Every structure is written in C-alpha cells, then in structure tokens.
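In case you want the letters, here they are:
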Amino acid sequence: MRPVRWLTPATGYLNGYTHTLNPYVGCAYGCSYCYVRRLPVALFRPEPWGEWAEGKRGDPASLKRELARAKAKGPVAVFFSSATDPYQPLEAKLRLTRGLLEAMAEAEAPPDFVLLQTRGPLVTRDIDVLQRLGGHVRVSMTVETDRDDVRRALTPTAPPLAARLRALRELAEAGVAVQAAVSPLLPHTPAFAEQLASSAPRVVLDDYFRGDGSSGRRSERLGMRETYARHGWSEWYTPQRMDELAEALRKRMPPEAVVVSAEGFAPPALS
Ligand code: SF4
C-alpha cells in the first residue's frame, strides 16, 4: 500500500495557496450548498454526501518530510481543508487533524501559512498546538447565519451556531488568529452583524454569486434557488444581502476587518 500523501498541490480558486490538506474523505456535516457533493469523490459512493466520513490512513508525522520537500521549492501556504471539515465528529477519536498540526509545529520546515477552515468547535481542543504555530496559522470558523431554523434546514448535522461563536472568542482570547467566515451568507436576523463583530476581529463574507467559483452556476446546479423558494426565502437569494451585511459590519468594525470573497481566504503575501 502506498503511504498517504497529506499535501496536495492547490489548484483553481484557491489563489495564493500552494497546497491543500484533507485529513478526511467525506464529511459528516452534509451541507446542502456543499460543492463537494457534486465531485467524483462523492458521486462514486453509494451513501449520500453527509452520511459518511473516513480518516485517511497514514502517519501524521510523515507530514514533516512532505513539508521539508515542499519548502525546498519555495514558500508553502496550506488550505486545511478544501474538501472536508478537519474537525469532523470522528476527529474527537482519531485526532488526525491534531496530529497534523503537531507535525507542522514540530517540523524543521514548518509551513509559512495555514488557513484552518472549519465549523467544528472541537478546534478549541487544539489551542495549545495552534499557539505553538503562532503567526503561521489562522482559524477560519464558518458561521453563515445566526438563525438556528436556517441551520437546521440547510446544514442539519453541523455544530450549533452559538458553540462556533464561543469557539471564536475562546481562540481569540488565547491569542490565536481567527476570522468568522460567513460563507455562504444565509438568511439571518438583524442582530447578526453585532454578534459577529463581538466574536471575531475579522469577518469574511461570501455568497452564492461571488463565492462558488463559477459566478453562481454551481449553486444553481445544486438547486439552491429552488431550496430558498421552498423555504420562502427567495428575497435572500440576491447579492444585495451580502452588501447590506458588509455595510452593517463596517459600522461596527474597522473597514479593513471586513473582507469580501476570495480576498478573505487568501494567504498573506509570502516571501
Ligand atoms: S462542512 Fe464543508 S465539506 Fe463538509 S459538507 Fe459542509 S461545506 Fe461541505
């Protein structure tokens, strides 16, 4: 059996990243708007997307060797993860993501930047390792709405919203760089801007039109317009809603702390 390769060269919409890192295949969260559900990894499985997830079988410590090889060629920026959530429910037992973060922290050639993209409050378990990675890591916590009825309708098995906001505050208090990722923006209450501004020093906004990498076509193919109509939310299926939330946030936060679309997920310039 060939050993697992943790790092995959980044392509396409992940501008500025050299690699992606997916410790799991599949995802227990099964968001209705997830583009991965239309990729071969999901289509070739008999189970519906969202009902399966498996840890990759490999030694997280071998990431150190991969990092050394990659760093010999230049700066390394890792998007962790692009096709799953690194804090699956399974992660509580398997500790794969934790092992990979530890390998990064211990590596002689650590990555220059890691974006840890998750909706799992379990990330707070790893604050000690994140602190060791210091300025090389940013946790990007998905919080697409403050309405639990919306979460239950579109992402029923995803972690509670209040727990995600709490995790953001806990990480920030521990000195870990964080951002709230409102991605994609979902129907929310007028209190959402205030909740975001009081929980994270940086907020990234994205929607079905600017953030799906195909000017909204992937979201259309997933039937999101019809899903919104079914729930009586059609007035939310427009780019205007994101502009309104951005404006509300800029009244509460420094303008540079509110970042829109791809720029919000991009790594800092690496040298
Ligand atoms: S958590 Fe991410 S990878 Fe998992 S289903 Fe939701 S959008 Fe897809």
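As the structure is a computational prediction, the values presented were derived from the model and not from experiment.

How should the layout of surface pockets be read in this particular structure?
Gaps left between atoms show up when a probe the size of a water molecule is rolled over them. Computed from the structure, the largest pocket encloses a volume of approximately 1,100 Å³. Lining the largest pocket are 44 residues, and of these Tyr13, Tyr35, Phe79, Ser81 and Ser82 lie nearest its centre. Secondary structure elements with two or more residues in the lining of the largest pocket: strand 3 (24–27), strand 6 (113–118) and helix 12 (262–265). Here the lining of the largest pocket gets four residues from one element, more than from any other, and that element is strand 3. Grouping the constituent residues of the lining of the largest pocket by class yields 22 nonpolar, 14 polar and eight charged. His19, Glu66, Arg69, Ala70 and Lys73 are the residues nearest the centre of the second largest pocket, which is lined by 13 residues in total.

Help me understand the pattern of salt bridges, please; the structure alone is not making it clear to me.
For side chains bearing opposite charge, pairing can occur when the charged atoms are close. Per the counting criterion, the structure on display carries 20 salt bridges. Between Asp148 and Arg152 there is a salt bridge, with its nearest N and O atoms 3.0 Å apart. With Asp148 and Arg152 both in helix 6 (residues 148–154), this residue pair falls four residues apart, about one helical turn. A salt bridge links Glu194 to Arg252; its shortest N-O distance comes to 2.8 Å. Placement of Glu194 in helix 8 (residues 192–197) and of Arg252 in the loop between helix 11 (240–250) and strand 10 (258–260) is noted, with a sequence separation of 58 residues between them. On the accessibility criterion, Glu194 (42% relative accessible area) is partly exposed.

Honestly, the packing of helix 2 (residues 63–71) against helix 4 (residues 96–106) in this entry has me stumped. Any pointers?
Geometrically, a packed helix pair is captured by the angle between its two axes and the distance between the axes. With their axes 9 Å apart at the nearest point, helix 2 and helix 4 run at an angle of 50 degrees to one another. What the angle tells us is that helix 2 and helix 4 run oblique. Pair helix 2 / helix 4 crosses with right-handed handedness. Contacts from Leu63, Lys64 and Leu67 in helix 2 reach Leu100, Ala103, Met104 and Glu106 in helix 4. Each residue belonging to the contact of helix 2 with helix 4 can be placed in one class, and the counts come to five nonpolar, no polar and two charged.

I tried to follow empty space enclosed by the protein on my own but got confused; where do I start?
Going through the model one piece at a time under the given rule, you end up with one cavity of 30 Å³ or more. Roughly 40 Å³ of volume is contained in the largest cavity. Every residue lining the largest cavity is listed: Leu185, Asp207, Tyr208, Phe209, Tyr228, Trp236, Tyr237, Thr238 and Arg241. When grouped by side-chain class, the residues that make up the lining of the largest cavity number six nonpolar, one polar and two charged.

How should I be thinking about the site of the ligand in this particular structure?
Close contacts around the ligand come from Cys27, Tyr29, Gly30, Cys31, Cys34, Trp49, Thr84 and Arg119, and that covers them all. In a pocket analysis with a 2 Å cut-off to the grid points, the ligand is assigned to the largest pocket. Tallied by class, residues from the shell around the ligand come to five nonpolar, two polar and one charged.

Each value, and the rule that gives it
- Residues numbered from 1 in each chain as written.
- Predicted model: local features only at pLDDT ≥ 70, side-chain atom pairs only at ≥ 80, totals over all residues.
- Heavy atoms only, no water.
- 1 Å grid on protein atoms, 1.4 Å probe; cavity = no way out; pocket = protein on both sides within 12 Å on 5 of 7 lines; lining within 4 Å.
- Points joined across faces, edges and corners; volume = space filled by probe spheres on them.
- Helix = DSSP H or I, 4+ residues; strand = E, 2+ residues; numbered from the N terminus.
- Nonpolar A, V, L, I, M, F, W, Y, C, P; charged D, E, K, R; others polar.
- Salt bridge = Lys/Arg side-chain N within 4 Å of Asp/Glu carboxyl O.
- Buried < 20%, exposed > 50% of the residue type's maximum accessible area, 1.4 Å probe, protein only.
- Axes fitted to C-alpha atoms, helices over the stretch in contact; angles between N-to-C directions.
- Parallel < 35°, antiparallel > 145°, perpendicular 65-115°, else oblique.
- Left-handed = near helix turned anticlockwise from the far one by under 90°.
- Contact = heavy atoms within 4.5 Å.
- Near = heavy atom within 4 Å.
- Sits in = over half its atoms within 2 Å of the grid points.

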